[in-house]
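Here are the chains, one letter per residue:
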Amino acid sequence: MSNNESEHPESQPQSTPPAPSSSIPASVRDDKKSGWERDVLEKLALFAVKEQRARRRWGVFFRIALLAVVVLGVWMAFTFNRIENEPLGPHTALVEIKGAIDSEGQGSAGVVIPALDKAFAANDSVGVILKINSPGGSPVQAGMINDEITRLRKQYPKKPIYVVVEEVCASGGYYIAAAADKIFVNKASLVGSVGVLMDGFGFTGLMDKLGVERRLLTAGENKSFLDPFSPQSPKQREYAQSMLQEIHQQFIEVVRQGRGARLKETPDTFSGLVWTGSKAVELGLADGFGTVDSVARDEIKAEDVVDYTQTENLSERVLKKFGVAFGAGFAKTVMSSSLPQLR
């Protein structure tokens, strides 16, 4: 060692080893640990508070929504009862058929007939207008409505019922219209189509190409009647055609009975053709041109029109909005393809 180094030892840099963790006071270590835990606890508490507030907000929302539905239901019931019970004065009763005529829709007998019954039974109704905008549908439903109109005309002979056609009144729609006292159309309306059809598909050719074998067991030689996956039997085809002819003849008789001497029959009258409103008037399938307002004013002489049409309730509209009835609608479409249709 040199003299300088020995004389001035303080001038030499000396490295200080880090203090071991054991030398850190326990109070400092506890403070750091408690600080980390405190942060975590604060975050968890804040998250819990937010979740609680969110649940509270959703709870309030659902309570308000439920209250709104209840209030709306009470208001609708009160309004409906008030309309039914309060005198309305002399008026024209309106019932509307819109869309396809089937067993479940707004054009079903179960919806239309009660509305017609109320319209005729109302003390202040002077006459009834049946507004139709339908391409047709089930001959059974159309026949039931036609029969009810005929019955109501006999029961209320002083209350006329007139049909007003908007866009189209064809097949099943016209089957119903034929029972009215008069039919009014627009010049461009589509009217007629007095015919019956039964449609479907045959997949036997496609199955042969794909190598698919149909395995169908039946008890009764005609149990597989018009099965789309089996070859068409000439005997079954002939039988189906005879059914269509029978229903067609029923349709023809209804039109002849309803229109009477006004009908100017031609070879095409019952061929299934559809005519414009102006041609329908010329052929005696319709009586003139008019709208709901003009018929109420000029024919029934009661300008005030009260709608007796039955509509879907709120729950049904909500269910259909969210597609709850999709499966049933699909099944009905498949099944109805093999049934006779007036369209």
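In the block above lies the structure referred to throughout.
Note that the coordinates shown come from a computational prediction; the quantities given were computed from them, not determined experimentally.

**Student:** Is there a simple way to explain the side chain of Gln141 in this structure?
**Tutor:** In this fold, Gln141 is placed in helix α4 (residues 139–155). Judged by its relative accessible area of 11%, Gln141 is buried.

**Student:** Explain the environment of Val128 to me, please; I cannot follow it from the model alone.
**Tutor:** Within the secondary structure, Val128 is located in strand β2 (residues 125–134). For Val128, a relative accessible area of 0% gives the class buried. Taking the C-alpha atoms as reference points, Val128 and Val306, 178 residues apart in sequence, are found 9.6 Å from one another. In this structure Val128 touches Ala93, Leu116, Ala119, Phe120, Pro160, Ile161, Tyr162 and Ile300, once residues within four positions along its chain are discounted.

**Student:** Would you explain unusual backbone geometry in this entry?
**Tutor:** Trans is the common state for peptide bonds, and a negative phi is the common state for residues other than glycine. For Ser171, which is not glycine, the phi torsion reads 50° and is therefore positive. Of note, Lys301 is a non-glycine position whose phi angle comes to about 65°, a positive value.

**Student:** Whenever I open this one, the packing of helix α3 (residues 109–121) against α4 confuses me. Can you help?
**Tutor:** A packed helix pair is summarised by two numbers, namely the angle formed by the two axes and the spacing between the axes. In contact at an axis separation of 9 Å, α3 and α4 are set at 10° when each is read in the N-to-C sense. By the angle between their directions, the pair α3 and α4 is classed as roughly parallel. Touching Ala109, Gly110, Val112, Ile113, Leu116, Asp117 and Phe120 of α3 are Gln141, Met144, Ile145, Glu148, Ile149, Arg151 and Leu152, all from α4. Partitioning the contact of α3 with α4 into residue classes produces nine nonpolar, two polar and three charged.

**Student:** Explanation requested: the pairing of strand β3 (residues 161–170) in the structure shown.
**Tutor:** Looking along a regular strand, one sees side chains alternate from face to face of the sheet. Burial within β3 is extensive, with eight of its 10 residues counted as buried. Relative to β3, β2 is paired through six bridges, and the arrangement is parallel. Residue pairing for β3: Ile132 is matched across the bridge by Val165. Regarding the hand of the β-α-β motif, the stretch spanning β2, α4 and β3 is right-handed. Bridge count between β3 and strand β4 (residues 182–185): three bridges; the pairing is parallel. Counterpart to Val164 in the pairing with β4 is Phe184. Note on the crossover from β3 through helix α5 (residues 172–177) to β4: the handedness is right-handed. Relative to strand β5 (residues 190–192), β3 is paired through three bridges, and the arrangement is parallel. The residue bridging Cys169 from the neighbouring strand is Val191, located in β5.

Calculation notes
Residues numbered from 1 in each chain as written. Predicted model: local features only at pLDDT ≥ 70, side-chain atom pairs only at ≥ 80, totals over all residues. Heavy atoms only, no water. Helix = DSSP H or I, 4+ residues; strand = E, 2+ residues; numbered from the N terminus. Buried < 20%, exposed > 50% of the residue type's maximum accessible area, 1.4 Å probe, protein only. Contact = heavy atoms within 4.5 Å. Axes fitted to C-alpha atoms, helices over the stretch in contact; angles between N-to-C directions. Parallel < 35°, antiparallel > 145°, perpendicular 65-115°, else oblique. Nonpolar A, V, L, I, M, F, W, Y, C, P; charged D, E, K, R; others polar. Pairing = 2+ DSSP bridges. Right-handed = clockwise from strand over helix to strand, strands pointing away.

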